[in-house]
Amino acid sequence: VNGFDVMDPDDEARLRHLLKVAVEYLEVNFNHHFPDLLKQPAAIEDLLLVASGKSEYQKLACVILKVMHVVNHVEAQQLRFRLSVSEDQLFQMAVARVDQTIAAMRHAGAPIRQYAANRKARDSLITTLLSKKTNFAAQVYDRLRFRVITREAADIVPVLSYLKDNLFPYNYVVPGQSRNQIVSTPDLIETMPGLLESDPGIANRFLYEDAEEQEVESNSFSGASFRMINFVVELPVKVRELIPKDDPVVAELGSLVYIQIEFQLFDEVTWRANEVGDNNHERYKDRQNWEVIRRLVHGNRYGMADDAGWEGKTRW
């Protein structure tokens, strides 16, 4: 899911490059010292085995891997800026990856009722930026979004688990941009027998994360009873065939770029409830459009529009 195949010589060489850069960074900046077992493993996957084991070097291996992930992401950003590739082409490659994964899930019998990929249109993007309290384009996380509707709420966790194992690396989920309004923590724990016995503190950690999640700024234009699970990830997309062969500088940056995408998950009952009344998308757009008008004319006389907000109050 991180985009590497250790059996591919190019990927193996790339991983060793990341390892070398990570070790040099830690030794120069923090005076860390590492055994050859970690600095020059016989096989690159040995580093993963040490990190997941219980040896005296386990924590050091984890430190190296963490820095490798960061270096990889930094250089992938540099690669994206250097490539002469349109955003549309990269988005198409990301959609193809997600489409392939969803098709495999359905073939395996996953209870997915609906699936849709959507790219935010230009006008919608402008409206979103104008309606936000802070209007930087980089803060629009749903330029490319995917909606998955499962048969029942209980199906959401297995679907998420499959996506994590087969599509995107969980370590590149964007912090502060996840929301869970469907699956409760107690219900989730009940689905994993023996978990509390093996890790007594997990319930408290989940509850702490739930409390932090409540502090995430909600979408003020959504209806009060609107519910969904959504999160933003940096999806790795391999672009080896797009890298110029005569540009060694670009070649040294690897063959991965990251595309920021949003996933939205619902079960059928929740999806239907979100489509009626105050949760309806048209009502959502009305509230958002009214906020754009209010901001454009620098007025706050009427505040957020109610149902009658468009009638008799637009003398601007």
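Everything below is about the structure printed above this text.
From a predicted model like this one, the values you see are computed outputs, not experimental measurements.

### Considering empty space enclosed by the protein
For the structure shown, the criterion picks out 1 cavity of 30 Å³ or more. Volume-wise, the largest cavity comes out at about 30 Å³.

### Notes on the packing of aromatic side chains
Using the criterion set out here, one finds 8 aromatic pairs in the structure. With a centroid separation of 5.1 Å and 65° between ring planes, the pair formed by phenylalanine 266 and tryptophan 271 is classed as edge-to-face. Through successive ring pairs, a cluster of aromatic residues spans Tyr115, Phe146, Phe168, Phe231 and Phe263.

### Here's the deal with the sheet that holds strand S3 (residues 179-180)
If you walk across this open sheet you meet the 5 strands as S1-S2-S5-S4-S3, and the pairing is mixed. Looking at strand neighbours, the two that pair on one side only are strand S1 (112-119) and S3, the edges of this open sheet. In the sheet, strand S4 (residues 229-238) pairs with strand S5 (residues 256-267) via 10 bridges, with the strands oriented antiparallel. Note that in S5 the partner of valine 232 across the bridge is glutamate 262. The strands that helix H5 (residues 87-107) touches are S1, strand S2 (144-150), S4 and S5; relative to S1, the one it contacts most, it runs at about 175°.

### Some thoughts on the side chain of glutamine 264
In this fold, glutamine 264 is placed in strand S5. Classification of glutamine 264 as buried rests on a relative accessible area of 16%. Within the structure, glutamine 264 has its side chain in polar contact with the side chain of glutamate 262 (distance 3.0 Å). Look past the residues within four positions of glutamine 264 in its chain and what remains in contact with it is Arg145, Phe146, Arg147, Val148, Met228, Ile229 and Asn230.

### Description of the pairing of S5
Of all the 12 residues making up S5, 11 are buried; the element is thus mostly covered by neighbouring parts of the structure. Bridge count between S2 and S5: 6 bridges; the pairing is parallel. What sits directly across from valine 148, in S5, is leucine 265.

### Some details on unusual backbone geometry
Phi at asparagine 31 takes a positive value of approximately 55°, unusual for a residue other than glycine. Its location among the elements puts asparagine 31 in the loop between helix H1 (9-30) and helix H2 (36-39).

### Here's the deal with the pairing of S2
Each regular strand shows side chains that alternate between the opposite faces of the sheet. Among the 7 residues that make up S2, 5 are buried, leaving the element largely enclosed by the rest of the structure. Judged from the 7 bridges that link them, S1 and S2 form a sheet pairing that is antiparallel. Across the sheet, the residue bridging to alanine 116 is arginine 147, located in S2.

### A closer look at the packing of H5 against helix H7 (residues 156-166)
At a minimum axis distance of 11 Å, the contact between H5 and H7 shows a crossing angle of 130°. In terms of axis orientation, H5 runs oblique to H7. For H5 against H7, the interelement crossing comes out right-handed. Together, Arg97, Thr101, Ile102, Ala104 and Met105 of H5 and Val159, Tyr162, Leu163 and Asn166 of H7 make up the contact between the two elements. Looking at the contact of H5 with H7 residue by residue, the classes come out as 6 nonpolar, 2 polar and 1 charged.

### Quick word on the nonpolar core
Among the nonpolar cores identified, the biggest contains 35 residues, and Val98, Ile259, Ile261 and Phe263 are the most heavily contacted of them. When residues of this core are traced back to their parent elements, those giving at least two are H5, S1, S2, H7, S4 and S5. Considering each element in turn, this core owes the most residues, 7 residues, to H5. Dropping the residues within four chain positions of it, isoleucine 259 is found in contact with Arg80, Leu90, Phe91, Ala94, Leu144, Val233, Glu234, Leu235 and Val237.

About the thresholds
- Residues numbered from 1 in each chain as written.
- Predicted model: local features only at pLDDT ≥ 70, side-chain atom pairs only at ≥ 80, totals over all residues.
- Heavy atoms only, no water.
- 1 Å grid on protein atoms, 1.4 Å probe; cavity = no way out; pocket = protein on both sides within 12 Å on 5 of 7 lines; lining within 4 Å.
- Points joined across faces, edges and corners; volume = space filled by probe spheres on them.
- Phe/Tyr/Trp six-rings, centres within 6.5 Å; stacked < 30°, edge-to-face > 60°.
- Pairing = 2+ DSSP bridges.
- Helix = DSSP H or I, 4+ residues; strand = E, 2+ residues; numbered from the N terminus.
- Contact = heavy atoms within 4.5 Å.
- Axes fitted to C-alpha atoms, helices over the stretch in contact; angles between N-to-C directions.
- Buried < 20%, exposed > 50% of the residue type's maximum accessible area, 1.4 Å probe, protein only.
- Polar contact = N/O pair within 3.5 Å; in protein donor to acceptor, adjacent residues only side chain to side chain.
- Parallel < 35°, antiparallel > 145°, perpendicular 65-115°, else oblique.
- Left-handed = near helix turned anticlockwise from the far one by under 90°.
- Nonpolar A, V, L, I, M, F, W, Y, C, P; charged D, E, K, R; others polar.
- Core = buried A, V, L, I, M, F, W, Y, C linked by side-chain atoms within 4.5 Å.

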